[in-house]
Amino acid sequence: MSFFTFRSSVIRPFATLGCALLLCACSPKFDWREVRGSDAPYSVLMPAKPSSHSRSMQLEEVRLTMQMTGADAEGISFAVGSARVDDASKIPAVLAAMKSGMLNNIHGSITSEKAGSTMQGNELEARGNLQNGQPVVLAAKFVTRGPWVYQVIIMGREKAVTRDVIDTFMTSFKIN
């Protein structure tokens, strides 16, 4: 066995391991993909293959069907809720009920809030706990256009929900 053969047989496993580690380091944490609303006219980037379901509900004396599309990735939940409200005078009450219900679900309190136009949406961040006691941070945006109301939500452990992840998800939401 020559020196070069010995050297390559020793180095090859380390080189292979190094390449594998490099590929793992370069692999994306999230597999962002564009998703379009099935009923409502919007698009958003989701970090994994989403699932959707709808539910009839009563929000502030308004009976509506809420369509939820969401995905979980890296211990973070991403979701967009949409509903059609035919009586425009009821939209502010429906948005307030969405916000209140979301905060009640995590027994949370708002840590920051930014009011925008209905087209840009009102944004908030909150902290709370899930039913199992796990502390969570939540970022949400509430938007309306025409008869449609939307809630765009990201929720997870504080260390998992970074500013970059929030910004990527929130800024990707577009009403078509």
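Residues numbered from 1 in each chain as written. Predicted model: local features only at pLDDT ≥ 70, side-chain atom pairs only at ≥ 80, totals over all residues. Heavy atoms only, no water.

(A) Local environment of the overall build of the chain. What the chain contains, in helices and strands, is 3 helices and 10 strands. What you see in the chain, going N to C, is helices and strands ordered as α-β-β-β-β-β-α-β-β-β-β-α-β. Counting the 176 residues in the chain, one finds 39% classified as buried. Taking contacts inside the chain between residues at least 6 apart in sequence as the whole, the part at least 24 apart equals 46%. (Helix = DSSP H or I, 4+ residues; strand = E, 2+ residues; numbered from the N terminus. Buried < 20%, exposed > 50% of the residue type's maximum accessible area, 1.4 Å probe, protein only. Contact = heavy atoms within 4.5 Å.)

(B) Spatial organisation of the sheet that holds strand 4 (residues 62–73). Across the sheet, 7 strands lie side by side as 3-4-5-9-8-7-6; this open sheet has antiparallel pairing. In this open sheet, the two edge strands, each paired with only one partner strand, are strand 3 (51–59) and strand 6 (109–114). When strand polarity is set aside, the average angle formed by the axes of neighbouring strands in this sheet is 20°. Taken together, the 8 bridges between strand 7 (residues 122–129) and strand 8 (residues 135–145) define a ladder with antiparallel strand orientation. Looking at the pairing, glutamate 123 lines up with lysine 141 of strand 8. With respect to the sheet, helix 2 (residues 91–105) is in contact with strand 3, strand 4, strand 6, strand 7, strand 8 and strand 9 (148–156), its orientation differing from that of strand 8 by roughly 170°. Against the sheet, helix 3 (residues 163–172) engages strand 5 (76–84), strand 7, strand 8 and strand 9, with an angle of about 160° to strand 9. (Pairing = 2+ DSSP bridges. Axes fitted to C-alpha atoms, helices over the stretch in contact; angles between N-to-C directions.)

(C) Region of the structure containing helix 2. Spanning 15 residues, helix 2 covers 21 Å between terminal C-alpha atoms, matching the ideal 21 Å at 1.5 Å per step. Every buried residue of helix 2 is listed here: Ile91, Val94, Leu95, Ala97, Met98, Met102 and Leu103. Each element contacted by the buried residues of helix 2 is listed here: strand 3, strand 4, strand 6, strand 7, strand 8 and strand 9. Of the residues flanking the end of helix 2, it is histidine 107, one or two places downstream, whose phi is positive at about 50°. (Expected span 1.5 Å × (residues − 1).)

(D) View of the layout of surface pockets. Computed from the structure, the largest pocket encloses a volume of approximately 690 Å³. Along the wall of the largest pocket there are 25 residues; nearest its centre are Met68, Ala79, Asn105, Gln151 and Ile153. Listing elements by their share of the lining of the largest pocket, those giving two or more residues are strand 3, strand 4, strand 5, helix 2 and strand 9. Sorting elements by how many residues they give to the lining of the largest pocket places strand 4 first, with 6 residues. Among the residues making up the lining of the largest pocket, the classes are represented as 15 nonpolar, 8 polar and 2 charged. Taken as a whole, the second largest pocket holds about 210 Å³ of empty space. (1 Å grid on protein atoms, 1.4 Å probe; cavity = no way out; pocket = protein on both sides within 12 Å on 5 of 7 lines; lining within 4 Å. Points joined across faces, edges and corners; volume = space filled by probe spheres on them. Nonpolar A, V, L, I, M, F, W, Y, C, P; charged D, E, K, R; others polar.)

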